[in-house]
Amino acid sequence: MTNQFNVNATLFARVANAASSEETRFYLHGVSIEPAPHGMPGVTLTATDGHQLVSAYDKQGSVSEPVIVKAPAHVLKACKAWRIGVEPSLIGTDGTIVVVDDKGNEQIARGTTSDGTFPDWKRVIPQDIGAGTDAVFSQVVMATLAKALIQGKQTGMDARGLIVRGMDATSPHLVWGDDERMIGVAMPVRTPDMDEQATLPEWARV
């Protein structure tokens, strides 16, 4: 059976920021494209490296069966929005992917699908969230999530920053940017001296 998909290329490139680069975790090197759940139209695009996760809902997207796609750098570059309000399509057929860049040229890559099994990412999404905690997050993780979740100048709107919510300091936290089609998940980190640092220093007191 031919495996085909047609997804929002801009969303794909933004989600791909969260993919893993660990050599042994090849099945996390790409973006998982799956039919949307609950009978909804479209697809979900998801990537994770175990410390962070980004997922997007592409209502107009389609895929014949779930697939993991790793796009090379030249394709990811072409996937980015040409200008405000323009988002090209990334089209795939049996491991060959195509996107048209901002100069009208087709950028093509072959052998982009993975034979691995993508983890059940929905189990990582916290279903109950609080009003905020004192959880500590890796600077690298939060910078990556900001890059993926905040559109900013792509839409001509002012970016609002990241909103982070979780139940406690050790559980996964949901992260939102300025695009309602996307969510992120961040895993907290903690080192022995972090609790001592989480106090207002004397020089800042009034």
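Being a predicted model, the structure only gives us computed values, none of them experimental.

**Notes on the overall build of the protein chain**
Right, so step 1: Per the secondary structure count, the protein chain includes 4 helices and 12 strands.
Right, so step 2: For the protein chain, the C-alpha radius of gyration of 18 Å lies close to 17 Å, the compact-globule estimate for 206 residues.
Right, so step 3: Summarising its shape, the C-alpha atoms of the protein chain cover approximately 65 × 35 × 35 Å along the three principal directions.
Right, so step 4: Looking at the protein chain residue by residue over its 206 residues, the buried ones come to 42%.
Right, so step 5: Of the contacts made within the protein chain by residues no fewer than 6 positions apart, 64% connect residues no fewer than 24 positions apart.

**Quick word on unusual backbone geometry**
Right, so step 1: One non-glycine residue, histidine 38, adopts positive backbone phi at about 60°.
Right, so step 2: Position of histidine 38 among the secondary structure elements: in the loop between β2 (31-35) and β3 (43-48).
Right, so step 3: The backbone phi angle of aspartate 94 is positive, close to 45°, even though this residue is not glycine.
Right, so step 4: Locating aspartate 94 in the fold gives a position in the loop between β7 (89-93) and β8 (96-100).
Right, so step 5: A residue is classified by how much of its surface remains accessible, and aspartate 94, at 49% relative accessible area, is partly exposed.

**A look at the sheet that holds β8**
Right, so step 1: Pairing is antiparallel in the open sheet, where 5 strands are placed in the order β5-β1-β7-β8-β9. Lying at the two open borders of the sheet, with one neighbouring strand each, are β5 (62-63) and β9 (106-109).
Right, so step 2: Where strand β1 (residues 4-8) meets β7, 5 bridges bridge the pair, whose relative direction is antiparallel. When the sheet's bridge partners are listed, phenylalanine 5 is paired in β7 with glycine 92.

**A short note on the pattern of salt bridges**
Right, so step 1: Tallying each qualifying case throughout the model produces 6 salt bridges.
Right, so step 2: Taking the shortest distance from any N to any O, the salt bridge between lysine 103 and aspartate 102 comes out at 4.0 Å. Summarising the burial analysis for this pair, lysine 103 and aspartate 102 share the class exposed.
Right, so step 3: Several salt bridges share partner residues, and in doing so they unite Arg14, Glu87, Asp179 and Arg181 into one network.

**Let's talk about the nonpolar core**
The tendency in soluble globular proteins is for nonpolar side chains to be buried as a group.
Right, so step 1: Phe5, Phe12, Ile33, Leu45 and Leu90 are the most contacted members of the largest nonpolar core, which has 39 residues in total.
Right, so step 2: If we ignore the near neighbours within four places in the chain, the residues touching phenylalanine 12 are Val7, Val31, Ile33, Leu45, Val69, Ala71, Leu76 and Leu90.
Right, so step 3: Within the second largest apolar cluster, 8 residues are counted, among which are Phe118, Ile125, Leu174 and Val185.

**Details of the sheet that holds strand β12 (residues 182-186)**
Right, so step 1: An order of β6-β2-β3-β4-β12-β11-β10 is seen for the 7 strands of this open sheet, with the pairing classed as antiparallel. Both outer strands of the open sheet, β6 (67-69) and β10 (163-165), are each paired with one neighbouring strand and no more. Here the average twist between neighbouring strands, direction ignored, is 25°.
Right, so step 2: Relative to β6, β2 runs antiparallel, the two sharing 3 bridges. Across the sheet, valine 31 pairs through a bridge with valine 69, a residue of β6.
Right, so step 3: Across the face of the sheet, helix α3 (residues 139-149) comes into contact with β4 (52-58), β10, β11 (173-176) and β12 while running at roughly 175° to β12.

**Observations concerning the packing of aromatic side chains**
Right, so step 1: In this structure the tally under the stated criterion is 1 aromatic pair.
Right, so step 2: For the pair phenylalanine 26 and tyrosine 27, a centre-to-centre distance of 5.7 Å together with 85° between the ring planes defines the contact as edge-to-face.
Right, so step 3: Judged by its relative accessible area of 45%, phenylalanine 26 is partly exposed.

Analysis parameters
Residues numbered from 1 in each chain as written. Predicted model: local features only at pLDDT ≥ 70, side-chain atom pairs only at ≥ 80, totals over all residues. Heavy atoms only, no water. Helix = DSSP H or I, 4+ residues; strand = E, 2+ residues; numbered from the N terminus. Rg over C-alpha atoms; globule rule 2.2 N^0.38 Å. Buried < 20%, exposed > 50% of the residue type's maximum accessible area, 1.4 Å probe, protein only. Contact = heavy atoms within 4.5 Å. Pairing = 2+ DSSP bridges. Salt bridge = Lys/Arg side-chain N within 4 Å of Asp/Glu carboxyl O. Core = buried A, V, L, I, M, F, W, Y, C linked by side-chain atoms within 4.5 Å. Axes fitted to C-alpha atoms, helices over the stretch in contact; angles between N-to-C directions. Phe/Tyr/Trp six-rings, centres within 6.5 Å; stacked < 30°, edge-to-face > 60°.

Read these as geometric descriptors, not functional statements.
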